[in-house]
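# A structural walkthrough
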Amino acid sequence: MKILIHDTAEAAEKDTARRLAQAVNKKPDSVLGLATGGTMTRVYEELVALYNQKRVSFSEATTFNLDEYIGLPTEHPCSYHTYMREALFKHIDIPEAATHLPDGMASDPDQAAADYEAAIHAAGGIDLQLLGIGHNGHIGFNEPSSSLQSRTRVKTLTEDTRRANQRYFASFDETPIYAITMGIATIMDARECLLLATGAGKADAVAAMIEGPMSANCPASALQMHQTATILLDSEAASRLANRAYYEYVHPKGDDSVQL
């Protein structure tokens, strides 16, 4: 793992966006794995700004999102289809046919998950996977106890994850119980991973991911075995790390270190 600690969340988010844009500029037909959530909203805002400045084009790129709730129509305001369309896709030049999310309304979710895994393989695999981390250490919707060899599948969401996501729904009862998610092995197959975590609320999960034992109890800890994983943090998310000597601090003057 390469650990980059920024002074602020904004700087970490901008650096994440720049690194993703740089990857697309180097390989215009990149296959990108994308994530959702509040942290990613600001990453996508920066990507849209870079696109509007003509510093990156997504016209040849392909995307696969990590996950989608089961039972939410694509038009539902809380679906990840809607999130991605509103946060990113409608603002950039990526063809709609090149964007992919799991089918949460499939009559056979298990088959839909298998088909999604096959589609990633058919596209040549993911070049760069963008990740967040849950308070319980999940990546995608791979909750604690998920097999480190898991592939895209249906997962039951923990109460902790549903409570964290409740803010997007009218009530806890309306928060979905099931999702289709890329598996940990699917994520680990990506040629490069970028994980972004900000805020003190993620500090324990970050410490377990980086310094704890590799364990299904913290699914993100599987990234310890990835050959090219970059972890971008703000100072609050990094606050529980014990061993700082080998971490790289990125000060404001260095925020533009990734050139486009």
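Residues numbered from 1 in each chain as written. Predicted model: local features only at pLDDT ≥ 70, side-chain atom pairs only at ≥ 80, totals over all residues. Heavy atoms only, no water.

### A look at the state of the cysteines
Taken as a whole, this structure holds zero disulfides when the rule is applied. No disulfide involves Cys193; its sulfur sits 14 Å from that of Cys218, the nearest cysteine. Exposure remark for Cys193: the relative accessible area of 1% places this residue in the buried category. (Disulfide = S-S within 2.5 Å. Buried < 20%, exposed > 50% of the residue type's maximum accessible area, 1.4 Å probe, protein only.)

### Looking at helix α2 (residues 38-52)
The terminal C-alpha atoms of α2, which comprises 15 residues, lie 22 Å apart, in line with the 21 Å expected from a rise of 1.5 Å per residue. Tucked inside the fold, the buried residues of α2 contact α1 (9-26), β2 (31-34), α3 (80-87), β6 (128-131) and β9 (192-197). (Helix = DSSP H or I, 4+ residues; strand = E, 2+ residues; numbered from the N terminus. Expected span 1.5 Å × (residues − 1). Contact = heavy atoms within 4.5 Å.)

### Examining unusual backbone geometry
Of note, Lys54 is a non-glycine position whose phi angle comes to about 60°, a positive value. Topologically, Lys54 is positioned in the loop between α2 and β3 (62-65). Residue Lys54 is classed as exposed on the basis of its relative accessible area, which comes to 76%. One non-glycine residue, Ser145, lies in the positive phi region at around 90°.

### A short note on the packing of α2 against α3
Running from N to C, α2 and α3 point in directions that differ by 35°, and their axes come no closer than 10 Å. In contact with Met40, Thr41, Tyr44 and Val48 of α2, α3 contributes Tyr83, Met84 and Ala87. Residue classes in the contact of α2 with α3 are distributed as six nonpolar, one polar and no charged. (Axes fitted to C-alpha atoms, helices over the stretch in contact; angles between N-to-C directions. Nonpolar A, V, L, I, M, F, W, Y, C, P; charged D, E, K, R; others polar.)

### Details of the environment of Ala49
Looking at the element boundaries, Ala49 is found in helix α2. Sequence separation of Ala49 and Ile92 is 43 residues, and the distance between their C-alpha atoms is 9.6 Å.

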